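A structural walkthrough
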Amino acid sequence: MSREDKIILDANEFARSLIAANPIRDDEDEKKYIKRQLLLYLEALLLIQDFNDLEETRFDVAKTEQRNQILQKIIEHRYN
């Protein structure tokens, strides 16, 4: 796995796009709308941060697995 395979999302950009696509409802006053938008924005930020952390961990695990495979090949070659 190379660095190019790693997916990192911009949390602010994602959250702004999400709330931009979420219009005010017909039965909603402005205060409720703003609260809903803020909640949606904050939840999106946290979710993307979790995703990016998970992606970083996945990348680190892949590097560890790759290193272990290389070491295993070295060991096999040395003792064969």
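An account of the accompanying structure is given in this report. (Residues numbered from 1 in each chain as written. Predicted model: local features only at pLDDT ≥ 70, side-chain atom pairs only at ≥ 80, totals over all residues. Heavy atoms only, no water.)

1. Things to note about the overall build of the protein
When helices and strands are tallied, the protein shows 2 helices and 0 strands. Residues classed as buried in the protein amount to 19% of the 80 residues present. Residue pairs at least 24 apart in sequence account for 67% of intrachain contacts in the protein once pairs closer than 6 positions are excluded. Total accessible area computed for the protein in this model is approximately 6,800 Å², and 56% of it derives from carbon and sulfur atoms. (Helix = DSSP H or I, 4+ residues; strand = E, 2+ residues; numbered from the N terminus. Buried < 20%, exposed > 50% of the residue type's maximum accessible area, 1.4 Å probe, protein only. Contact = heavy atoms within 4.5 Å. Areas by Shrake-Rupley, 256 points an atom, 1.4 Å probe, with all protein chains shown as cover.)

2. Here's the deal with the nonpolar core
Counting 6 residues, the largest nonpolar core consists of Ala11, Ala15, Tyr41, Ala44, Leu45 and Ile48. Of all the elements in the fold, those that place two or more residues in this core are α1 (11-20) and α2 (30-79). For this core, the element with the most residues is α2, which contributes 4 residues. Discounting residues that sit within four places of it in the chain, Ile48 has contacts with Leu9, Asp10, Ala11 and Phe14. (Core = buried A, V, L, I, M, F, W, Y, C linked by side-chain atoms within 4.5 Å.)

3. Thoughts on the side chain of Gln37
Summarising the element assignment, Gln37 is placed in helix α2. Of the residues examined, Gln37 reaches a relative accessible area of 9% and is grouped as buried. Beyond its immediate sequence surroundings of up to four residues, Gln37 is in contact with Ile19 and Asn22.

4. Things to note about the environment of Glu55
Structurally, Glu55 is set in helix α2. A relative accessible area of 6% means that Glu55 is categorised as buried.

5. Structural notes on the environment of Arg36
Overall, Arg36 belongs to the buried group, its relative accessible area being 15%. For Arg36 and Ile19, which are 17 residues apart along the polypeptide, the C-alpha to C-alpha distance reads 9.2 Å. In this structure Arg36 touches Asn22, Pro23, Ile24, Arg25 and Glu28, once residues within four positions along its chain are discounted.

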